[in-house]
Amino acid sequence: MEKRTEIELTSIETIDPKPRSFAHTCLMQEENIETPYGNLLVAIQGDRTKQPILTFHDIGLNHITCFQGFFSYPDMQPILKHFCVYHVNAPGQQEGAMTLKPEFVYPTIDQLAESIQYVVDHFHMKTFIGFGVGAGANVLARYELAHHEHVDSLILVNPTAAKSGWIEWGYQKMNSWYLFSGQLTSFTEEYLLWHWFGKKTRWNNHDLIHTYSEYIKSINPQNLALFIESYLKRTDLGIVREMDPMRKVSARTIRCRSLILVGDDSPHMEDVVEMNGRMLPEETDFLKIADCGGMPLEEQPGKTCEAFRLFLQGMGYVPSLVQTHSAAAEFNQLTRPMDPQMLAPMTC
């Protein structure tokens, strides 16, 4: 038998991965915008002379925990040079928020959508690119229906067009009951982690789940209960996919270019597919990301970033940017090929 030569790997250094942190990694300016429905904390990232991107977060999250990791991703930096990002926080949901006064009437989802107009007016935005996740996607969709002229396009992650179902209503009612009493119970923690990630990610990505489990302990429970109650009472968007050319003109529908994103193991898949089925196919791109649960921005930032870039290029933005090597390595696992000039509409 041939004798094997022993090789000593003396020139290789091992580096332990850094744990996920919500510490501020980029400079942001923060402004409080007064509206009739409460104050909105807006964090501004980038050059204000550039085209605005306006974000809105999901329940239990804020602009840091929902968007910071994605917008700090290396492949996003060439894109962000061409835009200014305005991160909107729902009342009382920002990091370190004080408990809202007992007499404060929390805005409905429709009122939250209307409050976006005060942000638009304050920063003198002509149009913006909306980027919403979960409840935030619902808020931005409502704003587009009321103020189509200000919305250039929408990126919606885990959106829903319907009102809450009985199962969601039951779980959320239980959550809000605990939260109103000032308790962050294991029941609430389990539900939030499921809502954000789904089952598969919870078993496969322990570091990410641990980070968000620790973050949950810092949430203001009463403020979150108010936001959950508001989202729970949402009405149906009332949008329809009208194919008749005559009726399409007056039909209630989202008319701007839209990209709908969902992970293939997302707990909100049925809601997302239903909403996609109610939107105009010629204006809507539907993308299901492989190996991903309910939070594509955290679980698959490379794929999400590349989808975002291609969508922007389809809108005429950043035409000179090309796919990076790191994004290419991840993006080849997407569930369908994409044209580099335009995302082709995909319907379900």
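Before reading further, recall that the structure is shown in the block above.
Thresholds applied
- Residues numbered from 1 in each chain as written.
- Predicted model: local features only at pLDDT ≥ 70, side-chain atom pairs only at ≥ 80, totals over all residues.
- Heavy atoms only, no water.
- Helix = DSSP H or I, 4+ residues; strand = E, 2+ residues; numbered from the N terminus.
- Buried < 20%, exposed > 50% of the residue type's maximum accessible area, 1.4 Å probe, protein only.
- Phe/Tyr/Trp six-rings, centres within 6.5 Å; stacked < 30°, edge-to-face > 60°.
- Pairing = 2+ DSSP bridges.
- Axes fitted to C-alpha atoms, helices over the stretch in contact; angles between N-to-C directions.
- Contact = heavy atoms within 4.5 Å.
- Patch = residues over 30% accessible without salt bridge, like charges linked within 9 Å, V, L, I, M, F, W, Y side chains within 5 Å.
- Areas by Shrake-Rupley, 256 points an atom, 1.4 Å probe, with all protein chains shown as cover.
- Salt bridge = Lys/Arg side-chain N within 4 Å of Asp/Glu carboxyl O.

**Q** Looking at this model, I keep getting lost on unusual backbone geometry. Mind explaining?
**A** Note on backbone geometry: most residues besides glycine have negative phi, and most peptide bonds are trans. If you check the backbone angles, H124 has positive phi at about 55° while not being a glycine. The residue H124 is located in the loop between α3 (109–122) and β5 (128–133) in this model. For V318, which is not glycine, the phi dihedral falls at a positive 35°. By the element assignment, V318 lies in the loop between α13 (301–314) and α14 (325–331). We classify V318 as buried; its relative accessible area is 6%.

**Q** I keep staring at the packing of aromatic side chains and nothing clicks. Help me out?
**A** For any pair of aromatic rings, geometry is given as the distance between the ring centres together with the angle between the planes. In this structure the tally under the stated criterion is 22 aromatic pairs. On the basis of an interplanar angle of 55° and a centroid distance of 6.1 Å, the ring pair of F67 and F71 is categorised as tilted. On the criterion of helical spacing, the pair formed by F67 and F71 is a turn pair, its members being four residues apart in helix α1 (residues 63–71). The same class applies to F67 and to F71, which are both buried. A centroid spacing of 5.8 Å and a plane angle of 85° characterise the contact between F67 and F131, whose relative ring orientation is edge-to-face. Residue F67 is located in helix α1, and its partner F131 is located in strand β5; the two are separated by 64 residues in the primary sequence. A residue is classified by how much of its surface remains accessible, and F131, at 0% relative accessible area, is buried. By the ring-pair criterion, three or more aromatic residues cluster together here, those being Y171, W177, Y178, F187, Y191 and W194.

**Q** How do you make sense of the sheet that holds strand β6 (residues 151–157) when you look at a structure like this?
**A** Pairing between the strands of a sheet is mediated by backbone hydrogen bonds and can be parallel or antiparallel. Taken together, eight strands build an open sheet; the order of strands is β1-β2-β4-β3-β5-β6-β7-β8 and the sheet is mixed. The sheet terminates laterally at β1 (29–33) and β8 (284–289), the two strands that pair on one side only. Neighbour to neighbour, the strand axes of the sheet diverge by 20° on average, direction disregarded. Strand contacts of α13: β3 (51–56), β4 (83–89), β5, β6, β7 (257–263) and β8, with the helix running at about 165° to β7, the strand carrying the most contacts.

**Q** Just to check I follow, could you spell out a nonpolar patch on the surface for this structure?
**A** Residues I167, Y171, M174 and F187 make up a contiguous nonpolar surface patch of about 400 Å² in total accessible area. By residue number, the principal contributor to the nonpolar patch is helix α5 (residues 166–180), which donates three residues. For I167, the position within the fold is in helix α5. Residue I167 is classed as exposed on the basis of its relative accessible area of 66%.

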